[in-house]
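Reading the structure
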Amino acid sequence: MDLDISDQDRAFQAQVGGLIAESFPAGAPYDEATWHAALTRMGWAANKWPAAFGGPGWTPTESFIWERETTAAGLPPQVGGMGMGMLAPILFGYGTKAQQDRFLPDILANRVRWCQGYSEPGAGSDLASLSTRAVRQGEAYVVDGEKLWTSGAHEADWMFCLVRTAVEPKRQAGITFLLIDMRAAGVTVSPIVSIDGRHMFNRVVFDAVPVPVENRIGEEGQGWTYAKGLLTHERTGQAFVSLSLDLARRIRLAAAAIPGARGGRLIDDPGFAGRLGLAEIELRALEATEMRTLWEVQAGSAPGAQSSLLKLKGTEIVQRLTEFFVECAGPYAAPWFPAIAGPPPPPVGPEWAGPEVARYFEGRAASIAGGSDEIQRNIIAKQVLKI
Ligand SMILES: Cc1cc2nc3c(=O)[nH]c(=O)nc-3n(C[C@H](O)[C@H](O)[C@H](O)COP(=O)(O)OP(=O)(O)OC[C@H]3O[C@@H](n4cnc5c(N)ncnc54)[C@H](O)[C@@H]3O)c2cc1C
């Protein structure tokens, strides 16, 4: 099997490199507006969307090259957050033409921010037990309830949200998918500050919030089907292969500059090198699985349990790699452990120590976000092992 890329793909790779260099000449700091403008100019802003909706129609190999090159340059492969990556595929599949025309252009232009209103107190892994209620009154639903852990709700214009419109014997029935304007009367967003001092999470309370029926996706009571589709997209995008490849490359560079035992370099330490090599081999296997999944999806099949597998293994590998960075930083990592050292000190040690130790902490959350590791294992057991 020839795993090398074609001349055409190599030309595309050079074109991507050219765009990156032109947008951010050496040393220029990243800014979202510049990057989004460059992507828009190339017709690459919605690079995962189907061509029918304005995507570039890349092959999986081109998408693959794009992700690798942008991540290695420290740039996000796409701008537009949850609207671009999560809601848009739902609108393609289940939205009306009017909903597509209303919401997609703003997502494409990065004019609106979306947040995801799934989890509630008492409804995380067991999402079907959600109890936020929507009662239809004429041409609107009136929504009451509470959402929890809503990332970015404090900056969002809109929320795609699961609500209960009926109590059915099968809990998944009776769930409806609504689009809620975060500025509507009765929406209250309160911050939840995490242990590292960051404000990303929120609690969102709905108190008799009116939501026009035209903001319902698909049919009433069918929201579970749409939500499951969305989660599959979310998880397929959480294999973190590009990030892990970049981490592995940079760990090698860092470890080559750090003294190891007996006067050598850390990278030459057989224990360290062996463990890193093992992680890299698993990463290559994951890369092949991701590539295969992308081709299968392009050929029209739904990723199913494979998305859980990619998420589970991808999370495990990225977490292992962030541990190598902490090991490389050695004592210089300690000041960046907020629980031990309090607020961050003035920079100390190698310049990557602070960001990489922060990434080590952030990486832990990937085992929970988008469905915990245990839930992914349950899905794999059920769908693949049939137990
Ligand atoms: C970084 C991050 C961002 C998030 N962003 C959002 C967001 O934007 N919008 C949103 O709606 N939610 C968001 N969440 C919430 C996330 O979806 C939930 O935290 C997750 O689904 C788990 O639910 P829970 O926290 O209620 O934990 P629980 O469901 O209470 O689980 C607690 C523990 O029990 C285990 N467990 C539960 N059920 C089973 C089972 N059947 N078998 C085996 N083990 C089980 C879990 O694996 C976990 O270890 C985010 C979470 C994180 C960490």
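Residues numbered from 1 in each chain as written. Predicted model: local features only at pLDDT ≥ 70, side-chain atom pairs only at ≥ 80, totals over all residues. Heavy atoms only, no water.

1. Remarks on the overall build of the chain
Note the following rule: Helix and strand assignments come from DSSP, with helices taken as H or I runs of at least 4 residues and strands as E runs of at least 2, each series counted from the N terminus. Atoms counted for the radius of gyration: C-alpha only. Globule rule: 2.2 Å times the number of residues to the power 0.38. The buried label goes to any residue with under 20% of its type's maximum accessible area, the exposed label to any with over 50%, and the partly exposed label to all in between, with areas taken from a 1.4 Å probe on protein chains only. Contact between two residues is taken to exist if any of their heavy atoms lie within 4.5 Å; hydrogens are not considered. For the area figures, the Shrake-Rupley method with a 1.4 Å probe applies, and any residue is considered shielded solely by the protein chains shown. Positive: Lys, Arg. Negative: Asp, Glu. His and the chain ends are not part of the count. Just so you know, the charge point we use is NZ for Lys, CZ for Arg, CG for Asp and CD for Glu.
A tally of regular secondary structure across the chain gives twelve helices and eight strands. Relative to the globule expectation of 21 Å for 387 residues, the C-alpha radius of gyration of the chain, 22 Å, shows essentially globular dimensions. For the chain, the spread of C-alpha atoms along the three principal axes comes to 75 × 50 × 50 Å. Looking at the chain as a whole, 45% of its 387 residues qualify as buried. Counted over contacts in the chain with a minimum sequence separation of 6, partners at least 24 positions apart contribute 69%. Counting every atom, the chain has about 19000 Å² of accessible surface; 58% of that belongs to carbon and sulfur. In the chain, 36 positive and 43 negative side-chain charges are present, and the distance between their average locations comes to 4 Å.

2. Let's talk about the site of the ligand
Counted only if it meets this: Nearness of a residue to a molecule or strand requires only that one of the residue's heavy atoms be within 4 Å of it. The definition of a polar contact used here is a pair of N or O atoms within 3.5 Å, where within protein one atom must be able to donate a hydrogen and the other to accept one, and adjacent residues in sequence count solely through side-chain atom pairs. Domain ranges listed in this record stem from an automatic or a database domain assignment.
Taken together, 18 residues surround the ligand, and among them Ser-119, Ser-125, Ser-151, Ser-372 and Glu-374 come closest. The backbone of Tyr-118 places a nitrogen or oxygen atom 2.9 Å from an oxygen atom of the ligand. In this structure, Ser-125 approaches the ligand through a side-chain N or O atom, which is 2.6 Å from an oxygen atom. Relative to its free-state accessible area of 980 Å², the ligand is covered by the protein chains to the extent of 63%. At the level of elements, β7 (199–212) and α12 (373–383) are the ones that each hand at least two residues to the shell around the ligand. Residue contributions to the shell around the ligand peak at three residues, all from α12. Each of domain 2 (114–222) and domain 3 (237–383) gives at least three residues to the shell around the ligand.

3. A look at the packing of helix α1 (residues 7–23) against helix α3 (residues 60–72)
Between two packed helices, what matters for the description is the angle formed by their axes and the separation of those axes. Our working rule: To obtain each axis, a line is fitted to C-alpha atoms, and for helices this fit is confined to the stretch in contact; angles are then taken between N-to-C directions over 0 to 180 degrees. Take the far helix as the reference: if the near one is turned anticlockwise from it by less than a right angle, the crossing is left-handed, and if turned clockwise, right-handed. In this count, Pro and Cys sit with the nonpolar residues alongside Ala, Val, Leu, Ile, Met, Phe, Trp and Tyr, while Asp, Glu, Lys and Arg are called charged and the others, Gly among them, polar.
Between α1 and α3, the shortest axis-to-axis distance is 10 Å and the interhelical angle comes to 35°. Crossing hand, α1 versus α3: right-handed. Here α1 contributes Asp-9, Phe-12, Gln-13, Val-16, Leu-19 and Ile-20 to the contact with α3, which in turn contributes Thr-61, Glu-62, Ile-65, Trp-66, Glu-69 and Thr-70. Within the contact of α1 with α3, the residues separate by chemical class into six nonpolar, three polar and three charged.

4. A few points about helix α11 (residues 353–364)
What counts is decided by this rule: Multiplying 1.5 Å by the helix residue count minus one yields the expected span of that helix.
The end-to-end C-alpha distance of α11, which contains twelve residues, comes to 17 Å, matching closely the 16 Å that a straight helix rising 1.5 Å per residue would cover. Of the positions making up α11, those classed as buried are Ala-353, Gly-354, Glu-356, Val-357, Tyr-360 and Gly-363. Of the surrounding elements, those touching the buried residues of α11 are α7 (241–256) and α9 (305–329).

5. Overview of the side chain of Asp-373
To be explicit about the condition: The term salt bridge refers to a side-chain nitrogen of Lys or Arg lying within 4 Å of a carboxyl oxygen of Asp or Glu.
In this fold, Asp-373 is placed in helix α12. Despite its burial, Asp-373 pairs with no opposite charge; the closest candidate is Arg-377, at 4.7 Å N-O.

6. Let's talk about helix α4 (residues 81–94)
Rule in force here: A residue's bend is given by the angle between axes fitted to the 7 residues ending at it and the 7 residues starting at it.
The end-to-end C-alpha distance of α4 is 20 Å, a good match for the 20 Å that 14 residues give at a rise of 1.5 Å each. The largest bend along α4 measures about 45° and falls at Leu-87, with the proline Pro-89 one to four residues further on. The set of residues buried in α4 consists of Gly-83, Met-84, Met-86, Leu-87, Ala-88, Pro-89, Ile-90, Leu-91 and Phe-92.

7. Focus on the domain arrangement of the chain
Which entries qualify depends on this criterion: Buried area counts how much accessible surface, traced with a 1.4 Å probe, disappears from two parts once they are put together, with both parts' losses summed.
Split into domains, the chain comes out as domain 1 (7–79), domain 2 (114–222) and domain 3 (237–383). Using C-alpha coordinates to define each centre, domain 1 is positioned 23 Å away from domain 3. Facing the nine residues of domain 1 at the interface are twelve residues of domain 3. Of the roughly 880 Å² buried where domain 1 meets domain 3, counting both sides, 61% is carbon and sulfur surface. Considering only the side of domain 1, the residues that lose the most area to domain 3 are Pro-60, Phe-64 and Arg-68, jointly responsible for 59% of the buried surface there. Where domain 1 meets domain 3, there are two salt bridges. We note a salt bridge from Arg-68 to Glu-290, for which the minimum N-O separation is 3.3 Å. Applying the counting criterion to the domain 1 and domain 3 interface returns three residue pairs in polar contact (both at pLDDT 80 or more). Split by residue class, the side of domain 1 that touches domain 3 holds four nonpolar, three polar and two charged.

8. Let's talk about the packing of α7 against helix α8 (residues 270–298)
Applicable threshold: Oblique is the label for any angle not covered by the other classes, which are roughly parallel (under 35 degrees), roughly antiparallel (over 145) and roughly perpendicular (65 to 115).
Interhelical geometry of α7 versus α8 gives an angle of 160° and a closest axis separation of 10 Å. As the angle between them shows, α7 and α8 are arranged roughly antiparallel. Here α7 and α8 pass one another in a crossing that is left-handed. When α7 is examined against α8, the residues Val-241, Ser-244, Leu-245, Ala-248, Ile-251, Arg-252 and Ala-255 are found in contact with a partner set consisting of Phe-272, Leu-276, Glu-280, Leu-283, Arg-284, Leu-286, Glu-287 and Glu-290. Among the residues making up the contact of α7 with α8, the classes are represented as nine nonpolar, one polar and five charged.

9. With respect to the nonpolar core
Condition: We define a nonpolar core as any set of buried Ala, Val, Leu, Ile, Met, Phe, Trp, Tyr and Cys residues linked to one another through side-chain atoms lying within 4.5 Å.
Of all hydrophobic cores here, the largest spans 31 residues; its most connected members are Leu-87, Ile-107, Trp-114, Tyr-118, Phe-160, Phe-177 and Leu-179. When contributions to this core are tallied by element, the ones reaching two or more residues are α4, α5 (97–108), β4 (158–164), β5 (175–181) and α6 (223–236). Non-local contacts of Leu-179, meaning those with residues more than four positions away in its chain, are made with Leu-87, Phe-103, Trp-114, Trp-158, Met-159, Phe-160, Val-211, Asn-215 and Ile-217. In terms of nonpolar packing, the next biggest core, distinct from the first, is built from 30 residues, Leu-245, Ile-258, Leu-276 and Trp-352 among them.

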